[in-house]
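# Structural features, examined
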Amino acid sequence: MSLSPHVSHAASRIAQAVVVVLLAYTATFLIINVLPGDPISNMLLDPDNGFTPEEIAPIIAYYGLDRPVPEQLWTALSRFVVGDLGISLRSNLPVSGLVLDALPSTLTLAASALAVSLLLAFLIAYASQNLPPRLGQGLIRAIPSVSLAIPSFIVGIFLIQVFAFQFGLFRITSPDSFAATLFAAIALGLPVSAQIAEVLITNLDHEARQDYFAVARSRGLSRAALFGRHQLRPSSLPVVTMVALAVGELLGGSLITEAIFGRKGIGSLVQGAASTQDFPVLLAVVSLAAVVFVAVNLLADLIYPLLDPRLRRRQAARIPAPDAETLV
Amino acid sequence: MNADRRSFGLLIGGGIAALAGNAVLPRPSQASTAAGSRREGGHATFLLSSLESGWGLNEKVDTYTGIVWGQIADKLVHVDAQGNATAWIAERWDENPDQTEFVLHLKRGVTFSDGTPLDARAVAANIDLWAKGDTSRGVGRLGLFPSSTYRASEVIDDHTLRVSFTAPTLSFIPTLGYHKAVLRAVSSLNLRPNELGDLSKQFGSGPFVLQSWQESDNVVLVRRQDYNWGPKAIDHSGPASLERITFKVVRDASLRGSALQAGQAEIVLNIAPHELAALRTRGLSVVAPESLGFVSGFVVNTRAPHFGELSVRQAVQHAINRQEIVDTVFTSDWAPARTFLQSNVPEAGDFSSLLAYDPDKSKRLLDEAGWRPGRDGVRVKDGQRLRFNLYASPWVSTSRPVDEVVTQQLRKVGIAATLQVVDISTYNARVRGNDNVPLVEISRSFLDAGVVGNILTDANGGEDLFRYGQTNATLNRLAGEVANAVDRRARAATLQEVQRHVLEQGLFIPTAQLLQRLYVQTPKLKGEIYSGAAYPLYYGAWLEA
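The residue numbers shown here count from 1 along each chain, following its written sequence. Just so you know, chain letters begin at A and ligand numbers begin at 1, following the order they were written in. The predicted origin of the model limits local features to residues at a pLDDT of at least 70 and limits the giving and counting of side-chain atom pairs to 80 or more, whereas totals for whole chains, interfaces and linings rest on all residues.

Looking at an unreviewed UniProt entry, one finds chain B named ABC transporter substrate-binding protein, with Roseococcus pinisoli as its source organism. UniProt positions are given in the numbering used here, feature names are shortened, and annotations may be inferred rather than shown by experiment. Its UniProt record gives chain B a comment under Subcellular location (unreviewed entry), which states: "Periplasm". Regarding chain B, the UniProt comment filed under Sequence similarities (unreviewed entry) reads as follows: "Belongs to the bacterial solute-binding protein 5 family."

You'll find chain A entered in an unreviewed UniProt entry as ABC transporter permease, with Roseococcus pinisoli given as the organism. Checking UniProt for chain A, the heading Subcellular location (unreviewed entry) contains the comment "Cell membrane". Reading the Sequence similarities (unreviewed entry) entry of the UniProt record for chain A gives the comment "Belongs to the binding-protein-dependent transport system permease family."

This is the structure we're talking about:
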C-alpha cells in the first residue's frame, strides 16, 4: 500500500529533522570541547575560592570531564536519544526541568514579538500602498530601513527608561506582566517587522504592476478588496517563509531582550550556560532550537500549498514542494 | 586609549562624589545609621547582576548567592569589619592553648525552617562537609576552610561539640563567619546531586524563609515568625522587621541604578564607579563596607621571564601611581593601597613608603640591571625586550580600566605590558599555571589573615602564588610561623614582617583598596549590618515610612 504524497513528504522531512538535530547536538558538543577550559574549572577557579587545580581534579573526574572526548560524546548521545538531558553543571538541577521552566516565557515573548512584528509590518505595508504620496508615503517606506538599523537592545533600554522608569507603566521586577511583555515584544519584534515589511512592500509593488491587478481595478473593486484579494494574498507566500526564518531570529534575539527586560527564559538560560560552559544546558537548548527550526520550516512547507494552487497541483503530481529558502 | 579624557571626566565625577558624599551624606560605615524608630513590615527589593552559581553546597555560594544565603541561613559566629568574631549560633567557645581543639557551645531552641533542630549533630555534619566535601556527589570542600589541618568534629551533647585539628589553626573561629559557611539542615546536606540546586530543599535557620524562587532569576523571602536567635552584634530580637525581601537579577548596571531612582527597588548591588556621583546627588546612599582580605593588585610569578629579577619587580612596584588609579577609575569611596592587605585587616600595616610612586627610581633600577631603553622606548637586555601580556581579571569589572592605567604607567619607565581582555574560560586556560604570565590579578576576601601564610609556599597544600615552591628560605620560615602560630599577637608581628618582605621583594603589586560589594540604596533603609567580608544582614533592618 503506498503512502499519500502528503504523508510521505512529511515522513521524509521528519527523518531529515532527526538527522539535523543529532548533527546539531554533535557539532555543539565538539565545538564546546574545542573551547579552552572546562565548566568546573570556570566555576571553581574563581580567585575568591582559593582552590588549586589539584583540588578540583576529583570534581572534574566526578562529572566525567577528564575522559576522552569521543567517550564523553558517546555517553551524552546515548542519554540524549532516550530523552535524558542530564544535570546542569552550574545549577545542579535536571536540564529538562530548567528548559521546561524557561520555555513558556520565551514562547510567550516570541509569539508576542511575532504578533507585534506582523501587525507593524502589515500596517507599514498597507500605508505604503494606500497612503497618498504627499502624506508621507516615502517616509513610511523608509521606516523598515531605519528600524533595522537600530539594535534591539537600544530599543529595549529606551523603552524601559521611558515607559517603566519615567511613566511607571511596568516594573522591571515584574517582567512577565502584560505591559512588560508587550514592551519586550516591541523591542524584539521591531527588527523582524522591518524585514517582513520590506519583503511585503516589494511584493505588493510587484503585484500592483500585474495585468490581473489592473483588470481587477478596472472592474471597480473597492480599495480594501483590491488590496486584500489581489495584492496581499499573492504577496503573502514570501511572508510565510520570512516568518519561518524569523522564528530563529526571535529565539536568538530573546537572548538579549530577556537579559535587558530581566525575563527568565531560554535566552537567559543560554547566557548563564554559555558564560560557564554548562554544556548539558547548551546542548539541550541547541537541540531544542534545531527542533523548533525544523518544525517551523516543515509547517511552512505544509502551508504553501494552501496559499498557492500551483503548489497543490505539483504535490498532487508527487513533485516535492520547494524548500522554504528557495521561496524567499 | 583616551585615558586623559576618561581621567578628566572621572575627576569631575569624583569631585562631585566627594562633595556629595562628604557634605551631604556621611561616609558609610559598617552599619547604616539606625536613626528614627523601627518600623515593622515593608518590602525591600534588591537588584543584583547574577544568581548564576546555583544553590548547591560549599563552593557554589558566591558573592551574589552569598547575600541571599546570609538572610536564609545562620552562621556559628558573626565576624565584623575589624575581624572580631562574636556569638551567633555558637553562644561561646573554648580553645586549647595549642589552637588544635575548639569546643563550641550552641544556642538552645534553634531550629531549621524544616522543623529539625540545629544541634551539635547538625553542626558537626556541616563542618565535616565544609572540611572534606563529598566527591562522590561532586561536592568540593569549602574554599578557605582550614581543611589541611582538620581532624574531626565530635558531638559531646546536643548543644556542645568539639572540633579538632592536627596542627594549630588560629583561623578556625573567624572562618565560621565566612559567607559560605552557612548552616544547613542535615537533609539539605544529603541531597542527591540532581537535587542540590533546588533551593526549596535547602533549609537554613535564618530570619527569612523561602517564599518562591526562579532559578538564576529571583528569590522571594519572607520573615520567619518564630526566629529569635540573631547574632549578638545586632541589637534586635524576635522576628525580622522587614516582611519580605525580593532578590531580582537585572544584569545591566545602569538599569539597576535607574530602577532604584524610579523607586522600583530599595537596594542595588555594584554600580559602576562613574555612576555613583549622579546617584548620590539624587539622594541615594552609597554604602561601601570595608571588606577583610587582600587589596586589588597583582601577585608576581617569579618563574615568568624577567620577573625572577628583583630589580624588574621593584621597578614595577615603583612605576605604579596608585593615586592616579583611584583618581582615574574610582571615586572617593576607594583608597590607594598601603599594603597588600585591606586597611581594616587588624594585621595590616602602613607600608606606603615601599609603594611610593617613583618612576625615576624604577628607571634607575632597570638601568643598573642592564635594561636599556630601545628605539621605541621599551627596555632591552641581551636582545630580550621587557614586555609581557597583562590579563584583566574577568571576575572584577573594574579590572580592565585599572589595567589600562597600569599599562600606561609601566610604559613610561620602558616596560611594555599588552592588555589582554578575555573571558573566564580563556583566562583560566591562558593564565592558570602558565609561567609565562608574570602578573596575575587577585581579588579575595578572607576573615582571618592566616590565609596569607597559605599563599607564600606550596608547603601543606599552599597556593604558592609567587611560584617559589619551597626554595625561598625567608618565605618558608614566614609561612611556617604564620601556619603554626598559636597566639594572634605573635602572628600579627610575623604578618608585619611578611608584608614588608613581600612588598620589598616586589612579589605583590597592590593597586587599590578592594570594594567587592558596593550597595546603593534608599536612605529609608536602616539598621542593616555588614559582615567583615561586606555581606549584608537584613535581620535588624527596617524601612522608614
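Next comes the rest of the description.
## Let's talk about the overall build of chain A
Counting from the N terminus, the helices are the DSSP runs of H or I reaching at least four residues and the strands are the DSSP runs of E reaching at least two. A count of helices and strands for chain A gives 13 helices and 0 strands. In chain A, the succession of α and β elements from N to C terminus is α-α-α-α-α-α-α-α-α-α-α-α-α. Taking the principal axes of its C-alpha atoms as reference, chain A extends roughly 85 × 65 × 30 Å. Among the 328 residues that make up chain A, the fraction classed as buried is 40%. Exposure in this text rests on C-beta crowding, where 20 or more other C-beta atoms within 10 Å of a residue's own make it buried, 12 or fewer make it exposed, and counts in between make it partly exposed. The C-beta atoms are placed from the backbone.

## Describing the UniProt feature "domain: Solute-binding protein family" (unreviewed entry) in chain B
Here the UniProt-annotated "domain: Solute-binding protein family" (unreviewed entry) positions come out as residues 86-434 of chain B. Across residues 86-434 of chain B one finds 25% helix and 21% strand; the C-alpha atoms that close the span lie 41 Å apart.

## A closer look at the UniProt feature "domain: ABC transmembrane type-1" (unreviewed entry) in chain A
UniProt's entry tags residues 103-304 of chain A with the feature "domain: ABC transmembrane type-1" (unreviewed entry), counted in the numbering of this structure. Helix makes up 85% of residues 103-304 of chain A and strand 0%, with an end-to-end C-alpha separation of 28 Å.

## So, the sheet that holds strand β20 (residues 508-512) of chain B
Residue and element names in this part refer to chain B. Across the sheet, 3 strands lie side by side as β19-β13-β20; this open sheet has antiparallel pairing. Two strands lie at the open edges of the sheet, namely β19 (439-442) and β20, each paired on one side alone. Neighbour-to-neighbour, the strand axes of the sheet open up by a mean angle of 25°, direction not taken into account. For two strands to pair, DSSP has to find at least two bridges joining them. Here strand β13 (residues 296-300) pairs with β19 via 4 bridges, running antiparallel. Following the sheet pairing, Gly297 is matched in β19 by Ile442. To define axes, lines are fitted to C-alpha atoms, for helices over the stretch in contact only, and angles between the resulting N-to-C directions are given on a 0 to 180 degree scale.

## Some points on the UniProt feature "transmembrane region" (unreviewed entry) in chain A
UniProt records the feature "transmembrane region" (unreviewed entry) for residues 12-35, 107-127, 148-172, 178-201, 239-261 and 281-304 of chain A in the present numbering. Across residues 107-127 of chain A, helical content stands at 100% and strand content at 0%; the span's end C-alpha atoms are separated by 30 Å.

## A closer look at the confidence of the model for chain A
Residues and elements named next belong to chain A. pLDDT: the predictor's confidence for each residue, scored from 0 to 100. When the pLDDT values of chain A are averaged, the result is 83; 91% of them are 70 or greater. Mean pLDDT across the secondary structure elements of chain A bottoms out at helix α13 (residues 309-316), with 66, and peaks at helix α7 (residues 152-166), with 92. Placing C-beta atoms from the backbone, we regard two residues as in contact once those atoms come within 7 Å. In this model residues 323-328 is a low-confidence stretch, pLDDT under 50, and it forms 11 contacts with partners more than four residues away in sequence or in other chains.

## Some points on the interface of chain A and chain B
Each partner contributes residues to the interface: chain A has 44 residues there, and chain B has 45 residues. Where the side of chain A that touches chain B is concerned, the elements lending two or more residues are α2 (39-44), α3 (53-62), α5 (95-130), α7, α10 (223-261) and α11 (266-276) of chain A. In terms of residue count, the dominant contributor to the side of chain A that touches chain B is α3(A) (6 residues). Gly is placed with the polar residues, together with every amino acid not listed as nonpolar (Ala, Val, Leu, Ile, Met, Phe, Trp, Tyr, Cys and Pro) or charged (Asp, Glu, Lys and Arg). Along the lines of polarity and charge, the residues of the side of chain A that touches chain B split into 22 nonpolar, 15 polar and 7 charged.

## Considerations on the domain arrangement of chain B
A common way to state how big an interface is: give the accessible area lost once the parts meet. By domain assignment, chain B separates into domain 1 (1-49 + 207-289 + 517-545), domain 2 (73-197) and domain 3 (297-510). Contacts between domain 1 of chain B and domain 2 of chain B engage 13 residues on the former and 14 residues on the latter. Segmentation into domains, and thus their bounds, comes from an automatic or database assignment.

## A word on the sheet that holds strand β6 (residues 150-157) of chain B
All names here are of chain B. Taken in spatial order, the 4 strands of this open sheet run β4-β5-β7-β6, and their pairing is antiparallel. Where the open sheet ends on each side, the last strands, each with one partner, are β4 (90-95) and β6. Strand-to-strand twist across the sheet, computed as the mean angle between neighbouring axes with direction ignored, equals 20°. Inspection of the sheet shows β4 paired to strand β5 (residues 101-106) by 5 bridges, in the antiparallel sense. Pairing of Glu95 across the sheet is with Phe102, part of β5. Sheet contacts for helix α3 (residues 120-132): β5, β6 and β7 (160-165); angle to β6, the most-contacted strand, approximately 175°.

## A few points about helix α10 (residues 359-368) of chain B
Think of an α-helix as turning once every 3.6 residues; residues three or four places apart then point the same way. Residues and elements named next belong to chain B. For α10, the complete set of buried residues consists of Ser362, Leu365 and Leu366. Burial along α10 is one-sided: seen end-on, the buried residues are contained in an arc of 95°. Facing away from the buried surface of α10 by more than 90 degrees, the exposed residues are Asp360 and Glu368. As for α10, its buried residues are in contact with α8 (310-319) and β15 (379-381). A positive backbone phi angle near 90° is found at Gly370, which sits one or two residues after α10. By construction, the arc corresponds to the directions joining the helix axis to the C-beta atoms.

## Looking at the nonpolar core
A set of buried Ala, Val, Leu, Ile, Met, Phe, Trp, Tyr and Cys residues, joined to one another through C-beta atoms within 7 Å, is what we call a nonpolar core. Formed by 236 residues in total, the largest nonpolar core has its most connected members in A:Ala113, A:Leu250, B:Leu76, B:Val123 and B:Val300. In terms of residues, this core owes the most to one element, helix α8 (residues 178-208) of chain A, which gives 15 residues. Other than its neighbours up to four places away in sequence, B:Val123 contacts B:Leu76, B:Leu104, B:Leu106, B:Leu161 and B:Leu183.

## Examining the domain arrangement of chain A
Residue and element names in this part refer to chain A. By the assigned domains, chain A splits into domain 1 (5-81) and domain 2 (95-316). The straight-line distance from the C-alpha centre of domain 1 to that of domain 2 is 32 Å. Taken residue by residue, the interface counts 17 residues in domain 1 and 14 residues in domain 2. Among the elements of the structure, α1 (5-34) and α2 are those that each provide at least two residues to the side of domain 1 that touches domain 2. When residues of the side of domain 1 that touches domain 2 are assigned to their parent elements, the largest contribution, 10 residues, is made by α1.

## Looking at the packing of α10(A) against α11(A)
Residues and elements named next belong to chain A. Their axes nearest at 7 Å, the elements α10 and α11 cross at an angle of 80°. In this view, α10 runs roughly perpendicular relative to α11, as classed from their interaxial angle. Contact residues: Leu251, Ser254, Leu255, Thr257, Glu258 and Ala259 in α10; Ile266, Gly267, Ser268, Val270 and Gln271 in α11. For the contact of α10 with α11, a count of residues per class yields 5 nonpolar, 5 polar and 1 charged. To sort the angles, those under 35 degrees are grouped as roughly parallel, those over 145 as roughly antiparallel, those from 65 to 115 as roughly perpendicular, and the leftovers as oblique.

## A short note on the packing of α5(A) against α11(A)
Residue and element names in this part refer to chain A. Across the interface, α5 lies against α11 with an axial gap of 7 Å and an inter-helix angle of 135°. By the criterion of interaxial angle, the relationship of α5 to α11 is oblique. Here Leu98, Ala102, Leu103 and Thr106 of α5 lie close against α11, whose contacting residues are Ile266, Gly267 and Leu269. Looking at the contact of α5 with α11 residue by residue, the class counts come to 5 nonpolar, 2 polar and no charged.

## Here's the deal with unusual backbone geometry
All names here are of chain B. The backbone phi angle of Ser216 is positive, close to 55°, even though this residue is not glycine. For Ser216, the position within the fold is in the loop between β8 (208-214) and β9 (218-223). On the neighbour-count criterion, Ser216 (27 C-beta atoms within 10 Å) is buried. Although it is not a glycine, Asp464 sits at a positive phi angle of roughly 50°. Tracing the backbone shows Asp464 in the loop between α13 (451-456) and α14 (473-484). By the C-beta count within 10 Å, which is 19 here, Asp464 ends up partly exposed.

## What to know about the environment of B:Leu515
All names here are of chain B. One can find Leu515 in the loop between β20 and β21 (519-521). In this structure the C-alpha to C-alpha distance between Leu515 and Pro97, which are 418 residues apart in sequence, comes to 35 Å. Not counting residues within four places of it along the chain, the set of residues in contact with Leu515 comprises Ala288, Ser291, Asp333 and Trp334.

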